[in-house]
Amino acid sequence: MTMKQKFYESTKPVLENRQAWYEAAAQDPAFVERGGIVYPYDTIAANVDPMFALFEQSGFIDNFESGEIETVCDIGCANGELSYALAGAGYKTTAIDFSYKRDQAPYLVASVAQKMDLPLSVIDTSVDRHFDLSDLRSSLVHDAGTLPGDRIDLAICFGLLYHLRNPFAFLESLSGVAKNVILGTHLFTHTPQLGVRLNQSPVAYLVEADELNHDPTNYWIFTEAAF
């Protein structure tokens, strides 16, 4: 059985309950009063396969199989699916997201973590700035004792960079709090209107408010060279 198969097998009991959790959240008066909505995308389907492909290609999979990875941080956790999976697989997991208008992910993830007694801490803070571990620790909304005193073994960040106005501050901070990092983001190759090919140039494109799913919190997409 491969490491990915073991991961899916160990997380199956957790992930099978996802829909029930989200339906319960939609009926939770506190969640509704906050204006919270359940994120409509399946982050497991989108991220786990490419994550393990990267582990295999880089040789990093050996770090998991040798037990070197104990503490993991899921940054920009949304509904927390990847966090639940990692915690369900036995990793000391910390989930980070930011309560903002309809996005009440920290409240939702903390509720599930407490209900399921998972080894999963939850932090409610913006990472669109410089930060360190003490900043993160001061923003804990659910503390399961999973955030290490020193650097995190592995930080995973999918689909977040284009939401940040200060991506360099985030990346500099991330390099200080984590030993290993996985980043995933959308890239662009051509300018939308003129179709000029720019993928070999280290540039970023500042999107309009109605681009990228009409989400006004999307700011940048990078070329592969810039990323």
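Please refer to the structure placed before this passage.
Residues numbered from 1 in each chain as written. Predicted model: local features only at pLDDT ≥ 70, side-chain atom pairs only at ≥ 80, totals over all residues. Heavy atoms only, no water.

## A few points about the overall build of the protein
- Along the backbone of the protein there are 9 helices and 8 strands.
- The C-alpha radius of gyration of the protein comes to 18 Å, within 12% of the 17 Å expected for a compact globule of 227 residues.
- For the C-alpha atoms alone, the extent of the protein along its principal axes is close to 50 × 45 × 35 Å.
- Counting every position in the protein, which comprises 227 residues, the buried fraction comes to 44%.
- Within the protein, contacts between residues at least 6 apart in sequence are counted, and of these 66% link residues at least 24 apart. (Helix = DSSP H or I, 4+ residues; strand = E, 2+ residues; numbered from the N terminus. Rg over C-alpha atoms; globule rule 2.2 N^0.38 Å. Buried < 20%, exposed > 50% of the residue type's maximum accessible area, 1.4 Å probe, protein only. Contact = heavy atoms within 4.5 Å.)

## Regarding the pairing of strand 3 (residues 120-124)
- Summarising burial for strand 3: 4 of the 5 residues are buried, a large majority.
- Bridging between strand 2 (residues 92-97) and strand 3 involves 5 bridges; their strand directions are parallel. By the bridge assignment, Ala-95 is partnered in strand 3 with Val-122.
- With 2 bridges joining them, strand 3 and strand 4 (residues 140-142) adopt antiparallel strand pairing. Bridge pairing in strand 4 links Ile-123 to Leu-140. (Pairing = 2+ DSSP bridges.)

## Some remarks on the packing of aromatic side chains
- The full count for this structure, using the stated rule, is 12 aromatic pairs.
- Seen in terms of ring centroids, Phe-7 and Tyr-8 are 6.3 Å apart; in terms of plane orientation they differ by 70°. Their pairing is edge-to-face.
- Classification of Tyr-8 as partly exposed rests on a relative accessible area of 29%.
- Ring plane angle 15° and centroid distance 6.5 Å describe the contact between Phe-98 and Tyr-100, whose orientation is recorded as stacked.
- Clustering of aromatic rings is evident, with ring pairs tying together Phe-7, Tyr-8, Phe-52, Phe-55, Phe-60, Phe-64 and Tyr-91. (Phe/Tyr/Trp six-rings, centres within 6.5 Å; stacked < 30°, edge-to-face > 60°.)

## With respect to the side chain of Thr-93
- Among the structural elements, Thr-93 can be located in strand 2.
- Aside from chain neighbours lying at most four places away, what touches Thr-93 is Val-72, Ser-83, Leu-86, Ala-87, Pro-119, Leu-120, Ser-121 and Thr-146.

## Comments concerning helix 9 (residues 167-177)
- All buried positions along helix 9 are accounted for by Pro-167, Ala-169, Phe-170, Ser-173, Leu-174 and Val-177. Looking down the long axis of helix 9, one finds its buried residues gathered within 155° of arc, a one-sided arrangement.
- Where helix 9 is buried, its residues contact strand 1 (71-75), helix 8 (133-138), strand 5 (152-158), strand 6 (178-184) and strand 8 (220-222). (Arc of directions from axis to C-beta.)

## Some details on the pattern of salt bridges
- Overall, the coordinates contain 5 salt bridges when judged by the stated rule.
- The partner of Asp-153 in a salt bridge is Lys-179, and the shortest N-O contact between them spans 3.4 Å. Linking Asp-153 in strand 5 with Lys-179 in strand 6, this pair joins segments that are 26 residues apart in sequence.
- What makes Asp-153 buried here is its relative accessible area of 9%. (Salt bridge = Lys/Arg side-chain N within 4 Å of Asp/Glu carboxyl O.)

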